[in-house]
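So the chains spell out like this:
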Amino acid sequence: MNILVINAGSSSLKYQLFDMITESVLAKGKVERIGMETAMLSHEPAGRSEFREVSEIWDHTTAIRKVLRVLIDPKEGVLTSMEDVHAVGHRVVHGGESFSGSVLVDERVKAEIRRLFDLAPLHNPGALTGILAVEANLPHVPQVVVFDTAFHQTMPPVAFRYAIPNVFYKKHGVRRYGFHGTSHQYVSQRAAELSGKPIETMKLITCHIGNGASVTAIKHGQSVDTSMGMTPLEGLMMGTRSGDIDPAIVPFAMDKEDLSVNEVNSMLNKHSGLFAVSGGLGDMREVLEAMKEGDRNARLAFDMYEYRLRKYIGAYAAAMNGFDTLIFTAGVGENSALLREVICSQLSYLGLTLDTEANERKGGGDRKISSPDSKVDVWVIPTNEELVIARDTFREAARIRGLSDEEAGAVTC
Ligand SMILES: Nc1ncnc2c1ncn2[C@@H]1O[C@H](COP(=O)(O)OP(=O)(O)O)[C@@H](O)[C@H]1O
Ligand SMILES: CC(=O)OP(=O)(O)O
Ligand SMILES: [Mg+2]
């Protein structure tokens, strides 16, 4: 069975095609700058060189059509016909309180994703457009949605409620939802597998540190608290997002700088974080480079970023009465040995000791970076949200066909 996984943003769309017999990636790629004359498709068939094409792509329906075409292209493609796409899985950022797991797309699911546009205006509209575009191009193929919020639905009210009047929760769904759930779940399960311990006995803190960044406390396999909130703005300092601030700053800034709701939202989501403190560098690689050259603003940005993450780790240690496993994942977490080292050097009060050589060793893959006598195991585990989406989609697609996983893996039409 071949599963196409789609992660649709507002102006871009990433995809991966999996063969579920071997869980191997047959091709992956992305369409960027959707809605412009210079939209670009980059397509990477496994083991072959990347193919790029610039053209006008005005909407997601056309973008998906382009992706399907390149997948069956005689030269660049990896499939013989569109019939070879057996199911499609989508990443949807916000599932609200309605979804605690992945579901097959139907009219109710689409309506619910639409209803949640207000809570995730940057993410949910693109996802729904992606679903409708697949429907238009592949009308008979089952589609499954996997929500960033689903894994965090196990959080107790003490973690998910805000201390503001009830009406906001009851009437408008104002509460902590948490995001990156697919990634937090994947790396925690992977750490349990690699350690040979049942996850039901473990207390983990998972740090997903990419462009967007969040930390999660996972007790016995369940998310019990996480740093992102009603939207992906709360919590850690990020590339261009502020993370936690005094809420009184919002009306203050609106008043003093005469900002509208949209402007203040944009200020906090797109012009804050590393970008604001460093003076224009929103990418951690640029911040690290500038720091090396002695740039003091970049240094402060890095120090704040690290300090805030370390405070969350301390908070979640308190929330779970200790923890046994710390995981770093996503772009910064997987690649910045410096960030990991600075954080871990300040966690020695927990009996945590780093194997500095293992921490600095280059090369991807899952790796333990704590020393053998450390009281807390520290892992770097590359995240793989697409694989989780493919697995969930596979399971749902097999279920509706009444097939076992083994029978479903062998499906070729
Ligand atoms: N070698 C590296 N060292 C430090 N940071 C890195 C490195 N490679 C990538 N990053 C950072 O990872 C971030 C992007 O992470 P990623 O997980 O790909 O983000 P997203 O999926 O949210 O777009 C960027 O800030 C980038 O600078
Ligand atoms: C939810 C979220 O912040 O996602 P991303 O990190 O992909 O922006
Ligand atoms: Mg990401």
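Residues numbered from 1 in each chain as written. Chains lettered and ligands numbered in written order. Predicted model: local features only at pLDDT ≥ 70, side-chain atom pairs only at ≥ 80, totals over all residues.

- In the nomenclature of an unreviewed UniProt entry, the protein chain is known as Acetate kinase of Paenibacillus ginsengarvi.
- Database annotation for the protein chain, UniProt heading Function (unreviewed entry): "Catalyzes the formation of acetyl phosphate from acetate and ATP. Can also catalyze the reverse reaction." (UniProt positions renumbered as here; feature names shortened; annotations may be inferred.)

**A look at the overall build of the protein chain**
Then comes step 1: Tallying secondary structure elements over the protein chain gives 16 helices and 14 strands in all.
Then comes step 2: In terms of overall size, the protein chain behaves like a compact globule, its C-alpha atoms giving a radius of gyration of 22 Å where 413 residues would be expected to give roughly 22 Å.
Then comes step 3: Overall size of the protein chain, expressed as C-alpha extent along the three principal axes, is 55 × 55 × 50 Å.
Then comes step 4: Counting the 413 residues in the protein chain, one finds 44% classified as buried. (Helix = DSSP H or I, 4+ residues; strand = E, 2+ residues; numbered from the N terminus. Rg over C-alpha atoms; globule rule 2.2 N^0.38 Å. Buried ≥ 20, exposed ≤ 12 C-beta atoms within 10 Å, placed from the backbone.)

**Quick look at the site of ligand 2**
Then comes step 1: Close to ligand 2 lie Val 93, Asp 148, Phe 179, His 180, Gly 210, Asn 211, Gly 212 and Pro 232.
Then comes step 2: Class assignment for the residues of the shell around ligand 2 results in 3 nonpolar, 4 polar and 1 charged. (Near = placed C-beta within 6 Å. Nonpolar A, V, L, I, M, F, W, Y, C, P; charged D, E, K, R; others polar.)

**Here's the deal with the site of ligand 1**
Then comes step 1: Inspection of the region around ligand 1 gives 13 residues, with Gly 210, Asn 211, Ala 330, Gly 331 and Asn 335 positioned closest.
Then comes step 2: If you list the elements that add at least two residues to the shell around ligand 1, you get helix H10 (284-292) and helix H12 (330-335).
Then comes step 3: By residue number, the principal contributor to the shell around ligand 1 is H12, which donates 4 residues.
Then comes step 4: Split by residue class, the shell around ligand 1 holds 4 nonpolar, 7 polar and 2 charged.

**A look at the UniProt feature "binding site: Mg(2+)" (unreviewed entry) in the protein chain**
Then comes step 1: UniProt annotation of "binding site: Mg(2+)" (unreviewed entry) refers to Asn 7 and Glu 385 when read in the numbering used here. On the basis of their most widely separated C-alpha atoms, the annotated residues across 379 residues gather in one place, lying no more than 9.7 Å apart.
Then comes step 2: Discounting chain neighbours no more than four positions away, the residues touching Asn 7 are Lys 14 and Arg 91.
Then comes step 3: Mapped onto the elements, Glu 385 comes out in helix H15 (residues 385-401).
Then comes step 4: According to the C-beta neighbour criterion, Glu 385 is buried, with 21 such atoms within 10 Å.
Then comes step 5: Excluding its chain neighbours within four sequence positions, the residues that come into contact with Glu 385 are Arg 91, Thr 182, Ser 183 and Tyr 186. (Contact = placed C-beta atoms within 7 Å.)

**Regarding the environment of Val 88**
Then comes step 1: Tracing the sequence through the fold places Val 88 in strand S6 (residues 87-92).
Then comes step 2: With 27 C-beta atoms packed within 10 Å, Val 88 lands in the buried category.
Then comes step 3: Between the alpha carbons of Val 88 and Thr 240 there is a distance of 31 Å; along the sequence they are 152 residues apart.
Then comes step 4: The contact partners of Val 88, leaving out residues within four places of it in the chain, are Leu 4, Ile 6, Val 134, Leu 138, Val 141 and Gln 143.

**Digging into the domain arrangement of the protein chain**
By a frequent convention, interface size equals the accessible area lost on bringing the separate parts together.
Then comes step 1: Domain boundaries in the protein chain define domain 1 (2-147) and domain 2 (188-382).
Then comes step 2: The C-alpha-based centres of domain 1 and domain 2 are spaced at 28 Å. (Domains from an automatic or database assignment.)

**A few points about H10**
Then comes step 1: Among the residues of H10, those classed as buried are Met 284, Val 287, Ala 290 and Met 291. Take H10 and look down its axis: the buried residues cluster within an arc of 125°, on one side only. In H10, the exposed residues that point more than 90 degrees away from the buried face are Arg 285 and Lys 292. (Arc of directions from axis to C-beta.)

**What to know about the sheet that holds strand S14 (residues 377-380)**
Then comes step 1: One open sheet holds the 6 strands; their spatial order is S11-S10-S9-S12-S14-S13, and the pairing between them is mixed. On the outer flanks of this sheet lie strand S11 (222-226) and strand S13 (367-368), each paired with one strand and no other.
Then comes step 2: As judged from the 2 bridges shared by S13 and S14, these two strands associate in the antiparallel manner. Each residue of the ladder has a partner; that of Lys 368, found in S14, is Trp 379.
Then comes step 3: Packed onto the sheet, helix H6 (residues 181-195) meets strand S9 (203-209), strand S10 (213-219), S11, strand S12 (325-329) and S14 and runs at close to 130° relative to S9. (Pairing = 2+ DSSP bridges. Axes fitted to C-alpha atoms, helices over the stretch in contact; angles between N-to-C directions.)

**Structural notes on the environment of Phe 18**
Then comes step 1: Structurally, Phe 18 is set in strand S2 (residues 13-19).
Then comes step 2: With 25 C-beta atoms packed within 10 Å, Phe 18 lands in the buried category.
Then comes step 3: Leave out the neighbours within four places in its chain, and Phe 18 touches Asn 2, Ile 3, Val 5, Glu 23, Ser 24, Val 25, Leu 26 and Ala 390.

**Remarks on the sheet that holds S2**
Then comes step 1: Taken in spatial order, the 8 strands of this open sheet run S5-S4-S3-S2-S1-S6-S8-S7, and their pairing is mixed. Two strands close off the open sheet at either side, each with one partner strand: strand S5 (51-57) and strand S7 (103-104).
Then comes step 2: The sheet contact formed by strand S4 (residues 36-45) and S5 spans 6 bridges and is antiparallel. Among the inter-strand pairings, Met 36 is bridged to a residue of S5, identified as Ile 57.
Then comes step 3: Each of strand S1 (2-8), S2, S6 and strand S8 (143-147) is contacted by helix H3 (residues 124-137), which is oriented at about 170° to S6, the strand it contacts most.

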